[in-house]
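A look at the structure
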Amino acid sequence: MKLQEFHAKSLLRAAGLPVPPWSVATTPAEVRQQASDYLRDGAGRVVVKAQVLVGGRGKAGGVKLAASADEAEAVGRAILGMDIKGITVRRVLVAPAADIVSEFYLAATLDRAAQRILVMGSAEGGVEIEQVAAQRPEAIVRVHAHPLLGLFDFQARELAFALGLGGTHLRSAVALAKGLVACLLANDADLVEVNPLAIVRERAPDGTEGLALQCLDAKVTLDDSGLPRHPDLAALRDLDEEDPTDAAARAEGLSFIKLAGNIGCMVNGAGLAMTTMDLVQRAGGQPANFLDIGGGARADKVAAAMRLILADPNVQAILVNIFGGITRGDEVARGLIEARGQQSREVPMVVRIVGTNAREAAAILEAAAFETASSLDDAAEKAVAAARRATAA
Ligand code: GDP
Ligand code: MN
């Protein structure tokens, strides 16, 4: 689950990281009010930023500076309602604009291959890190935190020096690197990213100028499996920006991931679902989705799963592969019949059900004239052939 920037910034603040003040507005008038407060309190300019869960808002025109209340209101009017990569902007973040000297990238993320938390930094901040990784991979510095002891000070210092943040910024950079790891752990996050982390020019009330590191942007992705431990964070989910299929799958308790192929897969168990996808590929087809209906699924859940699969217009054939344990084959078979009754369009289906109540399932499916398969290989081949016929037709 992705968090909006203003929520992510709250988590960074809570972890003790330096984030400039901000507020959130939903109308141009609110933008004007908030901007005039910051300008009155000494800000030279304000920044108005679209709050949408996609990257590259800056490039898309969703981040703009304003030097007066009038300008802020106009900028707010331009950004609110704007379409950024298919998402309508409903909220903006308003903040005193930072006077940026240089921009860095700093993030903590889960490195599954290394089974550790990875802290990544780059002196080439502000731009998309994927671009840096592709063009100049050597410009990204990586250190792994110890699974029990966390990120050591010496590691954080090495990272800071490698980014050119030695000297006056060293202490702050070390605290930032360690803070990102702490923030990731505290919230069961997969990613805590600051881009840009910026050296900004700050003017104290007495007029003296100094430089400081500030987190100007924040992106946090939470591990969905950790959400039950964080009901307050789970409540921040932005349903307006979620893919309707994902929301429906979650509501039904189904584990569903849409893929690019044309063979819909309905399977019980994540491992079996992966195997099924492999066999579809081996038979020369491409799975349209990963779908685990879970153990003990009843007829209504099967029907819900079928609706999800059929909602994808690319699906040309459906492969149902059930290994009955606590899931009863006859329940699934009844669910399939119910689903077919509600089906909005005709899509060939191949069903393989083994295990608990497989014999009852076979009788039900036969009576309803479903195409069945004896083995998983057989089922995959039949589904791929059916999809080919549908594509040719
Ligand atoms: P993103 O494009 O979605 O990643 O949005 P960011 O918040 O990272 O903003 C994009 C760019 O806008 C940054 O890299 C900065 O160059 C610029 N920007 C963002 N906030 C400020 C600010 O407070 N002051 C100034 N001068 N520029 C900013
Ligand atoms: Mn950014």
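Each value, and the rule that gives it
Residues numbered from 1 in each chain as written. Chains lettered and ligands numbered in written order. Predicted model: local features only at pLDDT ≥ 70, side-chain atom pairs only at ≥ 80, totals over all residues. Heavy atoms only, no water. Axes fitted to C-alpha atoms, helices over the stretch in contact; angles between N-to-C directions. Helix = DSSP H or I, 4+ residues; strand = E, 2+ residues; numbered from the N terminus. Parallel < 35°, antiparallel > 145°, perpendicular 65-115°, else oblique. Left-handed = near helix turned anticlockwise from the far one by under 90°. Contact = heavy atoms within 4.5 Å. Nonpolar A, V, L, I, M, F, W, Y, C, P; charged D, E, K, R; others polar. Near = heavy atom within 4 Å. Polar contact = N/O pair within 3.5 Å; in protein donor to acceptor, adjacent residues only side chain to side chain. Areas by Shrake-Rupley, 256 points an atom, 1.4 Å probe, with all protein chains shown as cover. Domains from an automatic or database assignment. Donors = N, O, S within 2.8 Å, 3.2 Å for Na, K, Ca; no water. Buried < 20%, exposed > 50% of the residue type's maximum accessible area, 1.4 Å probe, protein only. Disulfide = S-S within 2.5 Å. Pairing = 2+ DSSP bridges. Right-handed = clockwise from strand over helix to strand, strands pointing away. Phe/Tyr/Trp six-rings, centres within 6.5 Å; stacked < 30°, edge-to-face > 60°. Lys NZ or Arg CZ within 6 Å of the ring centre and 35° of its normal. Arc of directions from axis to C-beta. Buried area = accessible area lost by both parts, 1.4 Å probe. Salt bridge = Lys/Arg side-chain N within 4 Å of Asp/Glu carboxyl O.

**Description of the packing of helix α10 (residues 299-310) against helix α11 (residues 329-342)**
Helix packing for two helices is described by the angle between their axes and how far apart those axes are. Between α10 and α11, the shortest axis-to-axis distance is 7 Å and the interhelical angle comes to 45 degrees. The pairing of α10 with α11 is recorded here as oblique in orientation. Handedness of the α10/α11 crossing: right-handed. When α10 is examined against α11, the residues Ala 299, Val 302, Ala 303, Met 306 and Arg 307 are found in contact with a partner set consisting of Glu 331, Val 332, Arg 334, Gly 335, Leu 336, Glu 338, Ala 339 and Gln 342. In terms of residue class, the contact of α10 with α11 is built from seven nonpolar, two polar and four charged.

**Considerations on the site of ligand 1**
Lys 49, Arg 57, Gly 58, Ala 98 and Glu 103 are the nearest of the 15 residues found near ligand 1. Within the side chain of Lys 49, a nitrogen or oxygen atom sits 2.5 Å from an oxygen atom of ligand 1. Within the backbone of Asn 195, a nitrogen or oxygen atom sits 3.1 Å from an oxygen atom of ligand 1. A total of 560 Å² of accessible area belongs to ligand 1 in isolation, and the protein chains cover 81% of it. Those elements giving two or more residues to the shell around ligand 1 turn out to be β2 (46-50), β3 (63-66), β7 (99-111) and β10 (189-203). A class-by-class count of the residues in the shell around ligand 1 yields seven nonpolar, four polar and four charged. Counting only domains with at least three residues in the shell around ligand 1, you end up with domain 1 (1-19 + 99-241) and domain 2 (21-97).

**With respect to the coordination of the manganese ion (ligand 2)**
Coordination sphere of the manganese ion (ligand 2), protein contribution only: Asn 195 (O) and Asp 217 (OD), at 2.2 Å. Here Asn 195 is found in strand β10, whereas its partner Asp 217 is found in the loop between β11 (209-215) and β12 (219-222), with 22 residues between them in sequence. Owing to a relative accessible area of 17%, Asp 217 belongs among the buried residues under this scheme.

**Quick notes on the state of the cysteines**
Under the criterion given, the structure shown has zero disulfides. In this structure Cys 215 is a free cysteine whose sulfur lies 9.5 Å from that of Cys 183, the closest cysteine sulfur available. Judged by its relative accessible area of 0%, Cys 215 falls in the buried class.

**Some words on the pairing of strand β16 (residues 317-324)**
Most of β16 is tucked away: seven of the eight residues are buried. Pairing analysis gives seven bridges linking β16 to strand β17 (residues 349-355), with the strands arranged parallel. Following the sheet pairing, Asn 321 is matched in β17 by Arg 352. Where the polypeptide runs from β16 across α11 and back to β17, its parallel neighbour, the crossover connection is right-handed.

**Points about the packing of aromatic side chains**
Applying the stated criterion across every chain, the model contains one aromatic pair. Summarising the aromatic geometry, the rings of Phe 152 and Phe 154 are spaced 5.7 Å apart at their centres and angled 20 degrees between planes, so their arrangement reads as stacked. Looking at Arg 340, its charged tip hangs above the ring of Phe 370, at a distance of 4.0 Å from the centre.

**Digging into helix α3 (residues 69-79)**
Among the residues of α3, those classed as buried are Ala 69, Ala 72, Glu 73, Val 75, Gly 76 and Ile 79. In a view along the axis of α3, the buried residues occupy a sector of 165 degrees, so they form one face of it. Set apart from the buried face of α3 by more than 90 degrees, the exposed residues are Asp 70 and Arg 77. Lining the buried residues of α3 we find α2 (28-40), β2, β3 and β6 (92-96). Positioned one or two residues after α3, Gly 81 has a phi angle of 90 degrees, which is positive.

**Quick notes on the domain arrangement of the protein**
Domain annotation for the protein reports domain 1 (1-19 + 99-241), domain 2 (21-97) and domain 3 (242-392). Across the contact, 17 residues belong to domain 1 and 15 residues belong to domain 2. For domain 1, the biggest contributors to the area lost against domain 2 are Glu 5, Phe 6 and Glu 241; these three give 40% of the whole. For the pair domain 1 and domain 2, the number of links is seven salt bridges.

**Quick word on the side chain of Thr 109**
Relative to the elements of secondary structure, Thr 109 occurs in strand β7. Owing to a relative accessible area of 14%, Thr 109 belongs among the buried residues under this scheme. Here Asp 190 takes part through its backbone oxygen, which lies 2.9 Å from a polar atom of the side chain of Thr 109. Those residues in contact with Thr 109 that lie beyond four places of it in its chain are Arg 116, Ile 117, Leu 118, Met 120, Leu 184, Asp 190 and Leu 191.

**A closer look at the sheet that holds β6**
Overall, antiparallel pairing links the four strands, which are arranged β1-β6-β2-β3 in an open sheet. Each edge of the open sheet is held by one strand with a lone partner, namely β1 (23-25) and β3. Taking the axes of each pair of neighbouring strands and ignoring which way they run, one obtains an average angle of 30 degrees across the sheet. Bridging between β2 and β3 involves four bridges; their strand directions are antiparallel. Each residue of the ladder has a partner; that of Val 48, found in β3, is Lys 64.

**A closer look at unusual backbone geometry**
Here Asn 195 and Pro 196 are connected by a cis peptide whose omega angle stands at 10 degrees. Within the element layout of this structure, Pro 196 appears in strand β10. The backbone of Gln 115 shows a phi angle near 55 degrees, a positive value even though the residue is not glycine. Looking at the secondary structure, you find Gln 115 in the loop between β7 and β8 (116-122). Looking at Gln 115, the relative accessible area reads 68%, which means it is exposed.

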